[in-house]
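# Observations on the model geometry
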Amino acid sequence: MERILDVREMMPKDRHSKIFGTFKGLKAGESFILLNDHEPKPLLYQFQAEHHGEFDWWPLEAGPRVWRVAIAKREASDPKRTVTEYLQIDHKRLDNIFNRFLKAVKEKSWDEASKDFREFRIGLKRHIRAEEDILFPVFEQKTGMHEGGPTAVMRMEHTEIQGLLDKILSATDAKDSAQIPHATNSLVNILTDHNMKEEHILYPESDEFLSEMERFEVVKKAQAV
Ligand SMILES: [Fe+2]
Ligand SMILES: [Fe+2]
């Protein structure tokens, strides 16, 4: 059972100390889910300033009334993160949510399926934005490869992936168990190949081209997307 910290009923001035207290109480590898009534961006910046390299920040729900973020204490605290490590963890995390979704569909637990898929969709869209808006421009600038390069292929695949996300969302909302497998199979096929290319080529090459400081900046900006 996931630990939940709901700060919505707390006095605003007490919230941050409670949140950081909960974080400090975590063992390495543990996490909790923060429930809040506004987007907790200032909190993320405070985490980055005080706990850089020690935490992961994964939004699960983004308004309009409730914001949920999974805040994890990393297994090994290390401020010198690579782009590969950070984005690879996110691929794995998203795979897990997606598998939970598939299981819920199979069991026809539609409330669970809808919640899981929404978490997956928010996470994957954010992941894609981090790649397209933060990592790819740096990669393109460093390598001089734009059209015809690997990022152009990745961007095309992202468009395809986002189309499938919309399709699966409507099929899930319609509880249409006949439509879902077709779209989910297509998504798995594209994503498996896409993630592999990123993890084996694009991310490691980016790490090679970037200085330690630049890698630090990419991860920091990607967390705030
Ligand atoms: Fe991607
Ligand atoms: Fe990716």
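Everything that follows concerns the structure shown earlier in this document.
Criteria and cut-off values
Residues numbered from 1 in each chain as written. Chains lettered and ligands numbered in written order. Predicted model: local features only at pLDDT ≥ 70, side-chain atom pairs only at ≥ 80, totals over all residues. Heavy atoms only, no water. Donors = N, O, S within 2.8 Å, 3.2 Å for Na, K, Ca; no water. Helix = DSSP H or I, 4+ residues; strand = E, 2+ residues; numbered from the N terminus. Buried < 20%, exposed > 50% of the residue type's maximum accessible area, 1.4 Å probe, protein only. 1 Å grid on protein atoms, 1.4 Å probe; cavity = no way out; pocket = protein on both sides within 12 Å on 5 of 7 lines; lining within 4 Å. Points joined across faces, edges and corners; volume = space filled by probe spheres on them. Nonpolar A, V, L, I, M, F, W, Y, C, P; charged D, E, K, R; others polar. Domains from an automatic or database assignment.

Around the iron ion (ligand 2), the protein contributes the donor atoms H91 (NE2), H127 (NE2), E131 (OE), E198 (OE) and Y203 (OH), at 2.0 to 2.3 Å from the metal centre. Within one chain, the residues serving as donors to the iron ion (ligand 2) are arranged as H-x35-H-x3-E-x66-E-x4-Y. In this structure, the iron ion (ligand 2) lies 3.4 Å from the iron ion (ligand 1), and both are coordinated by E131. Residue H91 is located in helix α3 (residues 83-106), and its partner Y203 is located in helix α6 (residues 180-209); the two are separated by 112 residues in the primary sequence. With respect to burial, H91 and Y203 carry one shared label: buried.

With that settled, consider the layout of surface pockets. Empty space within the largest pocket amounts to approximately 850 Å³. Around the largest pocket, the lining comprises 33 residues; the ones closest to its centre are E2, S31, A70, R93 and R100. Contributing elements (two or more residues each) for the lining of the largest pocket: β2 (31-36), β3 (55-62), β4 (67-73), α3 and α4 (110-143). The element best represented in the lining of the largest pocket is α3, accounting for nine residues. Tallied by class, residues from the lining of the largest pocket come to 12 nonpolar, four polar and 17 charged. Counting residues domain by domain, the lining of the largest pocket receives three or more from each of domain 1 (3-73) and domain 2 (83-223).

Take it as geometry only, folks, not as evidence of what the structure does.
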